[in-house]
Structure formats: C-alpha cells, structure tokens
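# Fold and geometry: a report
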2 protein chains.
Amino acid sequence: MKLFKKVAIVGVGLIGGSIALAIKKNRLADEVVGVCRSKETLLLARRMKAVDLISRDLEIIKGADLLIMAAPVGMIIRSAPEISRIIGRDCLVTDVGSTKKEIVLKLEKIFPNFVGSHPMAGSEKRGVANASPGIFKGSLCILTPTRNTKRSALLKISKLWAKLGSRVTVVTPSAHDKILSLVSHLPHLAAFCLIDIIPDDFLKFGSNGLKDTTRIASSEAEVWKDIFISNRRPILEAIERFQKRLSAVRSALRKKDLKFLEKVLVGAKKKRDSLK
Amino acid sequence: MKLFKKVAIVGVGLIGGSIALAIKKNRLADEVVGVCRSKETLLLARRMKAVDLISRDLEIIKGADLLIMAAPVGMIIRSAPEISRIIGRDCLVTDVGSTKKEIVLKLEKIFPNFVGSHPMAGSEKRGVANASPGIFKGSLCILTPTRNTKRSALLKISKLWAKLGSRVTVVTPSAHDKILSLVSHLPHLAAFCLIDIIPDDFLKFGSNGLKDTTRIASSEAEVWKDIFISNRRPILEAIERFQKRLSAVRSALRKKDLKFLEKVLVGAKKKRDSLK
C-alpha cells in the first residue's frame, strides 16, 4: 500500500519540486498535486512529471492526506490560515522551512497534524528546473516536534523522509534555530558580506578559495531575507560571537601574538577536517 | 632551445612540486633540482620524477640559472641571504609567496635578478603528494615587478608562467597585498573563525554550505600564520571593513530594516554571480 493517497505541494521550487519527483519515483503516493503562483513553474513541473495536476488556485489541495509547504519562510506562515480552511483536519502537514521556532509555534496552532521538517539538501540554486529526486539521499533532515505533536504524525513524516533517502534526526525547534544560526545562517551572512565588500575591480583576482567561501552568496535574497528575519535573535547572537572571535584575531595580529593565531588556526583546521 | 639549463626549487611542496612536474612535462629545463628539509618529501619528489636531483643541502642549487623559492613566506625571507651566497649573481630568482610587499622589498635587495610571483593555484591541500603539473592551467599568476626589476628578468619569468598554463598579470607589490587581503586572506580568516566558533556537538548538522564556506579552513596553520603576519596591515584593514559591514547588517536585522538587508543580499548575489 502506498504511504499517501494525495500529496499536495505548495511551492514547487528546488525543494518542493525535488520532493515531488522523489515521491513519484518511489511511488509513495497515488497522486501529487502542485500549487504555486508562477504559471511557468507549474507548467515546467508538470512537464518534468514532478506533479500530476497543477494549479495557481489553492482549491486543488482539497482532499490531500499530506500537505508539504515548500515556499519561503514568510510565505509558509502567511499562507497557513487559508490552507487550513481548504484541507481536512486529518491532513498531515509539514513544511521545509530553514527556521523552525516561528513556523512551528504558529503552524501547530493552525494544523492539528503538523510536524516541522528541515531537509538540509538545498543549494544556492533555485527553481524546479534544478530539482532532482536524488538530492535528499544521505542528507540530514531535521524534524522538530513539540509536546503538542501527535506521535502518529511524527512517525509518518519521519518515514516519508527516510523513504526519500534522508538521515532523520529530531531536535526541538529552539535547538534547531540555535544550531542552524551557527552552521548555516551565519556562514551565509558572512559570505554575503565577504563578497559585498570586495571592490568590483578586485573580483577578477578571486580564485577557488574565494569562490567556494562565497558560493552560497549566490542564494536568493527573497529566501534569505525571510530566514534572517524569522531567526533574528539566534542569528544576532551568532554574529556577536563571530565578531568577538574576529576582534580577538585582529588584536592578536596587531600585537603579533603568534601563539594565539596558531591556536585558532590549528583548532579551526581540526574542526574543519572532522566534517564528513 | 630550452628556457633554462638548471632550475633549482627550494621547498618541494604542493606548489614547488607542481612547478617541477610542469617544467619537466613541458621540457623547459635540462635539469631540475629540489632542496627541502624533509628527506621523505625529497624521496617522494624524486620518485614522482618531479626532480632529477635532491638534497637537504643548499649547495645543490649551485650553478642554477633559475631559482624558485616555494617555501612558506617566513622561510622564503629567512633563507634568502644563504641562498644568495651560493647561486651566481646572474641567476634569475622568483618566489611563489602569497604576500608580496615584504618579500619583494627584501629579496630584490639580495638578488640582482629577482621578480616576485604569486601563482593563484594553491588549495587547502599540501605536500608534494598532491602536486600535479596541471594546477596552473587557466589560473592567474600575479607578477609584482618594481622600478628596480630588470625588464629581461620580468619577461623571462612571465614566459615561464605562461608556458605552465597561467594567465599572467602584473601589479605592484602593494596593490597585490591590498587586493589579496580582500579576495583571499580575509576569506581564509573568516573561514577559520566561522568553523572555530561552532560547538563540537553542532558540527554534525553542517551541510554542503558550511563545508564549502569553510573548506579553506583546512589549510595549514604554518603557511597561514606567515601570510597573516607578513600582510598584517592590509589584513587588519580588511577585517575592519568586514566587521563594519557585519555591524551594519546586525543593526539592520535588529531594526528589521528589510530594505537594507535586501540591498546587501541582492548586491552580494550579483557580485558572486559575476565571478567566473
């Protein structure tokens, strides 16, 4: 028996489109429908056979037993009330937002069967044109249940991500946001600032080091503005922590404190080398 | 006719070893000799056929018509006086250090035929084991002549790098150091600090974004400590510039100034997308 009868995906971009493709490929649902504001995106999603039915009208989600919100964070939050008026109260709902506390707090009040998800499988690319069913394979998917989350909902969402190839892990929404502020949001913010301060006529001297360090600065402003605002407090703390370390290095450099510099460099290398 | 009779390479690591391999492959010299402190490195370099003769004794460089200094920045500077007592005054000398002002200022006083080079073809990897003759292909090599540089020396060094596949460009030592402080040294320093402030138990949540942004934090402390000290002033200015931008973003985030955030994000993406 298939895991779901009708899956509705709201926001058919890189992640939403990849989920749709992976659900089809693994035959996890009888039907996958996609809803999105852009007609072009929808037509492309259908041509890629990511979805069976498409519409710009939310009514198409009616009767779904799984709904996945795959729009930018702000849009996920804004669209929830209208979606809840269309789908049934039994419908399992999840989202793929990169921040969790704000989303989970609001959405678990609106949907009786909500579980927050964060599949860490994005990239600086965007759009259904870059979607692929394999992007979840081996990647981490963080689920953020609360004491209000139904056990049955958590199990089923966990099963879904595992079937798509993700390694599933569970943390609280607050812990998620704190962790992500340091392992993802701050690195993005640093990349944006690092490239932004380089004068245009210096750019041609950038080599592979600069390219890798700032690859994620090619990410879409619309997506990241939402993430920064939604996870404001942890990110502010992360920036502060980063600036303190930068100031310590700056001061060591000013004093030619080789011992401190070496300690930071050796420690950083050890940590980086430990990343799988 | 070959470009050189005897090429001596002091420091047979990733860059020195790759130069040796590329010179052999392109038959640019009758003989290539390598000198280095580590016996293991030398034996490996000879086994890889990067060099014809090896020694831990500097005397082996005697009679060279091209000498390439490919050790860390501090070592390049410290070893110059002894090297100058062994090689002839006609010998063409270059280095591959990642900083130029300090090196050029000191070495052009010691060697009558000196030209500073910076082949931007390194990586976080190190050692002759990772050397390859192809690493210069299409990469930028910055030469930093001064008014004391002999035109014939500049032309010959320029020809050498072009033969190895580099795109050669010329700037002053000061301009080089200012440019590199922003396109390379600061990104390295940021990568070191970004990974260093992540608690150990958060590291397993790092995805591709973090890996790319901090790849260069795997670089060797010994190499980078030298670079930071040698290019201290421009790097201090670059850190200050970076911290100002971070503070501006932090303040915008605190005030939920979406307009400013969007401006930074859109501008950064545009610059990053323009990198070839």
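None of these values were measured; they are calculated from a predicted model.

## With respect to the relation of the copies chain B and chain A
- Rotating chain B by 180° and translating it 0.0 Å along the rotation axis places it on chain A, where the RMSD comes to 0.0 Å. With respect to symmetry, the two chain copies, as superposed, fit the operation of a two-fold axis. The rotation axis passes nearest to the C-alpha of B:Thr213 in chain B, at a distance of 1.9 Å.
- A high fraction, 100%, of the interface residues of chain B reappear at the interface in chain A, so the copies pair face to face through one surface.

## Here we look at the interface of chain B and chain A
- Contacts between the two partners involve 70 residues from chain B and, on the opposite side, 71 residues from chain A.
- Looking at the side of chain B that touches chain A, the elements that each hand over two or more residues are helix H6 (173-196), helix H7 (208-214), helix H8 (221-230), helix H9 (232-254) and helix H10 (258-274) of chain B.
- A per-element tally of the side of chain B that touches chain A places H6(B) first, with 15 residues.
- Along the lines of polarity and charge, the residues of the side of chain B that touches chain A split into 40 nonpolar, 14 polar and 16 charged.

## Observations regarding the nonpolar core
- Counting 182 residues, the largest nonpolar core has A:Ile9, A:Val10, A:Ala20, A:Leu67, B:Ile9, B:Ala20 and B:Leu67 as the members making the most contacts within it.
- When residues no more than four places from it in sequence are discounted, the contact partners of A:Leu67 are A:Ala8, A:Val10, A:Ile61, A:Ile83, A:Ile87, A:Cys91 and A:Val93.

## Observations regarding the sheet that holds strand S3 (residues 53-55) of chain A
Residue and element names in this part refer to chain A.
- Spatial strand order, S3-S2-S1-S4-S5-S6-S7-S8: eight strands in an open sheet with mixed pairing. Edge positions in the sheet fall to S3 and strand S8 (167-170), since each has one partner strand and no second. Pairwise comparison of adjacent strand axes, ignoring direction, gives a mean angle of 25° for this sheet.
- Against the sheet, helix H1 (residues 14-25) engages strand S1 (4-10), strand S2 (29-35), strand S4 (66-69) and strand S6 (114-119), with an angle of about 165° to S2.

## A short note on the domain arrangement of chain A
Residue and element names in this part refer to chain A.
- As assigned here, chain A comprises domain 1 (4-171) and domain 2 (175-274).
- The straight-line distance from the C-alpha centre of domain 1 to that of domain 2 is 30 Å.
- Contacts between domain 1 and domain 2 engage 14 residues on the former and 15 residues on the latter.
- Going through the elements one at a time, helix H3 (73-86) and helix H4 (101-110) are the ones with two or more residues in the side of domain 1 that touches domain 2.
- Residues of the side of domain 1 that touches domain 2, tallied by class, amount to four nonpolar, five polar and five charged.

## A short note on the environment of A:Arg272
- Tracing the backbone shows A:Arg272 in helix H10 (residues 258-274).
- With 25 C-beta atoms counted inside 10 Å, the residue A:Arg272 sits in the buried group.
- When the C-alpha positions of A:Arg272 and A:Lys159 are compared, they lie 31 Å apart, and in sequence the two are 113 residues distant.
- Those residues in contact with A:Arg272 that lie beyond four places of it in its chain are B:Ile195, B:Thr214, B:Ala217 and B:Ser218.

## Some words on the sheet that holds strand S1 (residues 4-10) of chain B
Residues and elements named next belong to chain B.
- Reading across the sheet, the eight strands line up as S3-S2-S1-S4-S5-S6-S7-S8 and stay open at both edges, with mixed pairing between neighbours. The strands lining the two open edges of the sheet, one partner per strand, are strand S3 (53-55) and strand S8 (167-170). Sheet twist, expressed as the mean angle between neighbouring strand axes with direction ignored, is 25°.
- Where strand S4 (residues 66-69) lies against strand S5 (residues 92-95), four bridges are found, and the strand directions are parallel. By the bridge assignment for S5, Leu67 is matched with Val93.
- Strands S5, strand S6 (114-119), strand S7 (140-143) and S8 of the sheet are contacted by helix H5 (residues 151-163), whose axis makes an angle of about 25° with S6.

## Side note on helix H5 (residues 151-163) of chain A
Residue and element names in this part refer to chain A.
- Look at H5: 18 Å from first C-alpha to last across 13 residues, which is about the 18 Å you get at 1.5 Å a residue.
- Those residues of H5 that fall on the buried side of the exposure criterion are Ile157, Leu160 and Trp161. Down the axis of H5, the smallest arc covering the buried residues is 90°, so these residues share one side. Residues of H5 that are exposed and angled more than 90 degrees away from the buried face: Arg151, Ser152 and Leu155.
- For H5, the secondary structure elements touched by its buried residues are strand S5 (92-95), S6, strand S7 (140-143) and S8.
- Backbone geometry just downstream of H5 places Gly165 in the positive-phi region, at approximately 105°.

## Topic: unusual backbone geometry
Residue and element names in this part refer to chain A.
- In the Ramachandran plot, Arg27 falls in the positive-phi region, its phi being about 50° despite a non-glycine side chain.
- Take Arg27: it is sitting in the loop between H1 and S2.
- Phi at Lys256 is positive, roughly 55°, even though this residue is not glycine.
- Here Lys256 shows up in the loop between helix H9 (232-254) and H10.

## Focus: H10(B)
Residue and element names in this part refer to chain B.
- With 17 residues, H10 should reach 24 Å at 1.5 Å per residue; the first-to-last C-alpha distance of 24 Å fits that figure.
- Buried within H10 are the following residues: Leu261, Val264, Leu265, Ala268, Lys269, Lys271 and Arg272. Down the axis of H10, the smallest arc covering the buried residues is 165°, so these residues share one side. Pointing more than 90 degrees away from the buried face of H10 are the exposed residues Lys259, Asp273 and Ser274.

The rules behind these values
- Residues numbered from 1 in each chain as written.
- Chains lettered and ligands numbered in written order.
- Predicted model: local features only at pLDDT ≥ 70, side-chain atom pairs only at ≥ 80, totals over all residues.
- Least-squares fit on C-alpha atoms with pLDDT ≥ 70 in both.
- Contact = placed C-beta atoms within 7 Å.
- Helix = DSSP H or I, 4+ residues; strand = E, 2+ residues; numbered from the N terminus.
- Nonpolar A, V, L, I, M, F, W, Y, C, P; charged D, E, K, R; others polar.
- Core = buried A, V, L, I, M, F, W, Y, C linked by C-beta atoms within 7 Å.
- Buried ≥ 20, exposed ≤ 12 C-beta atoms within 10 Å, placed from the backbone.
- Pairing = 2+ DSSP bridges.
- Axes fitted to C-alpha atoms, helices over the stretch in contact; angles between N-to-C directions.
- Domains from an automatic or database assignment.
- Expected span 1.5 Å × (residues − 1).
- Arc of directions from axis to C-beta.

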